[in-house]
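Overview (structure and organization)
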Amino acid sequence: MGDLIKIVSIAIIVSAFITSCNNTKTKKTKDIAMSQQDLKNTKGYKLLESKCYICHFEVPDPAKMNQMIAPPMLRVKDHYLPNYQNKEDFIKAITNIVNNPSEVNTLMPGAIKKFNVMPKLIYNQDELKLIAETIYKYDFGAAPKMKMLMMGELQLNNGNRWKLKSETIKKLDSITNSLYTFKSNEIKEYNQFGKDLFEQAKFIMLDKSYTGDKFDQIHNFFNGVENDMHSLIEEKSIENAKTLVENMKTKFNNVYNFFEEE
């Protein structure tokens with residue numbers, strides 16, 4: 001009889017534990033769903049609308065390309081989240097670049113070349129942090145087809161390759177060589193490699209001496225490559241990271257079909 005009581009008692013305890021876990025799991029799932037569902041009604045999103053969407057579209061819109069005066073917010077998050085995956089780090093990075101806009105610290109050199117450096121604006125710091133947190137939480141979705149429409153086609157200069165400065169070609173050579181010599185089985189080293197590649201690419205993309213059609217062609221090339229670099233920075237799979245490196249090898253081999261040293 002005593003053994004039976006012990007068995008029943010244990011069964012009741014286990015049942016209660018499982019029920020508690022299920023309830024907790026259900027509550028967490030509901031909280032996450034509600035958080036995303038109700039995010040547009042929060043103070044943070046309202047601030048995002050009133051203070052940021054004045055200049056930034058929420059997502060790329062090819063039909064309004066001529067109206068764009070700043071990168072879409074989706075692209076801002078695309079560039080910053082891979083580098084700052086922790087919420088607090090992300091908030092700090094966004095608040096820093098808004099408080100102190102500069103080419104040196106930007107993760108969006110293409111946007112700076114197209115729209116110039118963001119003007120320094122005075123924000124209430126608590127509101128700015130709330131905006132940054134909302135950007136971190138909000139799902140802007142993805143618009144690959146829109147991105148492709150907004151990117152130009154890489155073309156020759158009337159049948160000839162575009163002439164680039166010697167230092168630019170050397171930087172392209174350096175990136176290409178590093179792609180072929182990099183070897184690792186550690187994902188963190190691949191992530192760091194993505195950051196190193198981006199820093200080298202940023203040097204070319206922010207070169208103020210390139211203008212007009214030549215500037216456009218440089219950025220047409222880097223549009224696709226830059227996405228690979230940011231993907232490599234946040235990749236968790238070794239196999240996927242290796243694939244990204246192989247993709248970039250192909251793209252950087254192709255760059256010499258369109259550009260040469262002047």
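Here is what the cut-offs are and how they apply
- Residues numbered from 1 in each chain as written.
- Predicted model: local features only at pLDDT ≥ 70, side-chain atom pairs only at ≥ 80, totals over all residues.
- Heavy atoms only, no water.
- Helix = DSSP H or I, 4+ residues; strand = E, 2+ residues; numbered from the N terminus.
- Expected span 1.5 Å × (residues − 1).
- Bend = angle between axes of the 7 residues up to and from the residue.
- Phe/Tyr/Trp six-rings, centres within 6.5 Å; stacked < 30°, edge-to-face > 60°.
- Buried < 20%, exposed > 50% of the residue type's maximum accessible area, 1.4 Å probe, protein only.
- Lys NZ or Arg CZ within 6 Å of the ring centre and 35° of its normal.
- Axes fitted to C-alpha atoms, helices over the stretch in contact; angles between N-to-C directions.
- Parallel < 35°, antiparallel > 145°, perpendicular 65-115°, else oblique.
- Left-handed = near helix turned anticlockwise from the far one by under 90°.
- Contact = heavy atoms within 4.5 Å.

**Some remarks on helix H10 (residues 212–234)**
With 23 residues, H10 extends 33 Å between its outermost C-alpha atoms, agreeing within 8% with the 33 Å of an ideal straight helix rising 1.5 Å per residue. The largest bend along H10 reaches roughly 35° and is located at Asn223.

**So, the packing of aromatic side chains**
Following the criterion strictly, the structure yields 10 aromatic pairs and no others. Plain terms: the ring middles of Phe182 and Tyr190 are 4.8 Å apart, the flat faces sit at 80° to each other, and that makes the pair edge-to-face. Assessed through its relative accessible area of 19%, Phe182 is described here as buried. Among the aromatic side chains, those forming a connected cluster through ring pairs are Tyr45, Tyr53, Tyr138 and Phe140. Seen from the ring of Phe203, Lys171 lies directly overhead, with NZ or CZ sitting 4.7 Å from the centre.

**Brief notes about the packing of helix H9 (residues 187–205) against H10**
Two elements in contact, H9 and H10, have axes whose closest approach is 7 Å; the angle formed by their N-to-C orientations is 160°. It follows that H9 is roughly antiparallel to H10 by the angle criterion. Once H9 is placed against H10, the crossing between them reads as left-handed. Every residue of H10 that contacts H9 at Tyr190, Asn191, Phe193, Gly194, Lys195, Leu197, Phe198, Ala201, Ile204 and Met205 is listed here: Ile218, His219, Phe222, Glu226, Met229, His230, Leu232, Ile233 and Glu234.

Purely spatial values, then, with no claim about function.
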